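Here are the chains, one letter per residue:
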Amino acid sequence: MPQLGLLHGRAWAVLFGQLRRPPGAVCIRAVHSHSQGQKYFQVAEAALATQLKPHQEKSNFIIKTPKGTRDLSPQQMVVREKILDMVVSCFKRHGAKGLDTPAFELKEMLTEKYGEDSGLIYDLKDQGGELLSLRYDLTVPFARYLAMNKVKKMKRYHVGKVWRRESPTIAQGRYREFCQCDFDIAGQFDPMIPDAECLKIVCEILSGLQLGDFLIKVNDRRILDGIFAVCGVPESKFHAICSSVDKLDKMSWKDVRHEMVAKKGLAAEVADRIGDYVQCHGGVSLVKQMFQDPRLSQNKQALEGLGDLKLLFEYLTLFGIAEKISFDLSLARGLDYYTGVIYEAVLLQTPAHAEEELLNVGSVAAGGRYDGLVGMFDPKGHNVPCVGLSIGVERIFSIVEQRMKTFGEKIRTTETQVFVATPQKNFLQERLKLIAELWDAGIKAELMYKNNPKLLTQLHYCENMGIPLVVIIGEQELKEGVIKLRSVASREEVAITRENLVAEIQKRLSES
């Protein structure tokens, strides 16, 4: 007679196939010896442990989004889409075409393009194929696209997500995954005309979003390199010192000077000479002043940059935005690919409304000229001059979101225009026929997914969701060949013939 041994009930359940067996497991019906019993006992216990393990691990699992990322609720998506629509409509108004590129690029395409920030690039795991990285911005992929397709002239916009391994500051709209909105003009054109248009676009967008007063800081990398040269910075340290200067919007000059001297090995007297320049800011008068500077006026690069800035201010005056622009010698823009004019828009620390709190989000738009980037991808080194801008959508969104909380603004999360309702039972078929007519006419409509919903429940839903109109069909309406059209706001009802219903709805919607 078979011996079953001292097996636990759950273990026997595994053996007899009453629990799901692991792949390759054999269903054992009986054990014919003590040694076999021990062996099968061990197999059963191991199988049971394997099945229970996921459940044990799950109890310790914390459901959260990865650090530096977030979900967007339907309410947040409404606000976000409005901001993006305004930005993209401005880009289109200036003649830009849409473009999209992959979320990841070949790793070699992104390396050595971002200076010290290259360490923030997300590398994907090597799985035996191509080495890949998530895109860090939309500019380098655009340059790669131009070179790969031999495009010499293009005005494009691109809205997409980018990824950076930096320390996130959620309250200030800084994330590891975030959306960028870029506008770029590629091609050989007369100096400063495309650059001036980019600054005009920034002004139009920030004014249209009504974020409060703002200022656009402008500088030129050639002027900055000229300053470094005349102050005695070794050329090999230009990029490193430029990166330090770029921190002046977050750190005091004293701290930046310490970094230059103590961490980057710059002579103290050289740092002091740099400090005399990078703490200056003003308008076109400062450009003229720099032309007269005894040291800077001897540097060819700096003179080229100053000449372009003088021309730029002339165009900005014609565009009517010169008062929004400040020539700021501390502006550096740390990315290595910039070669000429650079700019950055900041909100001035005055809230648009007295009830608002100040929210320091840093720059809300930035960009510049990068004439050498496309040539890095071209096998023959052919360059395509480019200038562009990027709108800081996440930071703008943080400001708008805080403002809506302050004023308690209610947001509609749907665009439904009409709700199809009934006061009686067994009218689902009539509601389905009616809503199909509305959909086919291009009207945004909803109904309740119940056979016999209560009328009060349907009307409350309309009020809560902000749906302006309700069409009501019941026995009386069906007999008379009419539909009741109800205004949710005024609660007034009128009977409309079925054939005139769509036209009446469209008329009301156009008037609202």
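The following paragraphs examine the structure supplied in this document. Values in this document were obtained by computation on a predicted structure and should not be read as measured data.

Calculation rules
- Residues numbered from 1 in each chain as written.
- Predicted model: local features only at pLDDT ≥ 70, side-chain atom pairs only at ≥ 80, totals over all residues.
- Heavy atoms only, no water.
- 1 Å grid on protein atoms, 1.4 Å probe; cavity = no way out; pocket = protein on both sides within 12 Å on 5 of 7 lines; lining within 4 Å.
- Points joined across faces, edges and corners; volume = space filled by probe spheres on them.
- Nonpolar A, V, L, I, M, F, W, Y, C, P; charged D, E, K, R; others polar.
- Pairing = 2+ DSSP bridges.
- Helix = DSSP H or I, 4+ residues; strand = E, 2+ residues; numbered from the N terminus.
- Axes fitted to C-alpha atoms, helices over the stretch in contact; angles between N-to-C directions.
- Contact = heavy atoms within 4.5 Å.
- Buried < 20%, exposed > 50% of the residue type's maximum accessible area, 1.4 Å probe, protein only.
- Polar contact = N/O pair within 3.5 Å; in protein donor to acceptor, adjacent residues only side chain to side chain.
- Disulfide = S-S within 2.5 Å.

Enumeration over the complete set of coordinates arrives at one cavity of 30 Å³ or more. There is about 40 Å³ of room inside the largest cavity. Forming the walls of the largest cavity are Leu-146, Ala-147, Lys-150, Val-151, Lys-152, Val-374, Asp-378 and Val-384. Looking at the lining of the largest cavity residue by residue, the class counts come to five nonpolar, no polar and three charged.

Spatial strand order, β13-β12-β14-β15-β16: five strands in an open sheet with mixed pairing. Looking at strand neighbours, the two that pair on one side only are β13 (445–447) and β16 (493–497), the edges of this open sheet. Sheet twist, expressed as the mean angle between neighbouring strand axes with direction ignored, is 30°. The pairing of strand β14 (residues 469–472) with strand β15 (residues 482–487) spans four bridges and is classified as antiparallel. Its bridge partner lying in β15, Ile-472 is registered against Lys-484. Strands in contact with helix α15 (residues 428–440) are β12 (418–421), β13, β14 and β15; relative to β13, the strand with the most contacts, it is inclined by about 165°. Along the sheet, helix α16 (residues 455–465) contacts β12, β13, β14 and β15; its crossing angle with β12, the most-contacted strand, is approximately 175°.

The buried count for helix α7 (residues 221–231) comes to nine of 11 residues, which makes it a mostly enclosed element. Those residues of α7 not exposed but buried are Arg-221, Arg-222, Ile-223, Leu-224, Asp-225, Gly-226, Ile-227, Phe-228 and Cys-231. Structurally, α7 contributes buried residues whose contacts are with β6 (214–220), α8 (238–245), α10 (268–278), α12 (300–319), β8 (325–328) and β9 (341–347). Put simply, Asp-220 is the residue that caps the front of α7, since its side-chain oxygen is 2.8 Å from the backbone nitrogen of Arg-222.

With that settled, the discussion passes to the state of the cysteines. According to the stated counting rule, one finds zero disulfides in the structure shown. Cys-181 carries a free sulfur, and the closest cysteine sulfur to it, the one in Cys-179, is 4.5 Å from it. Accessibility expressed as a relative area gives 0% for Cys-181, which makes it buried.

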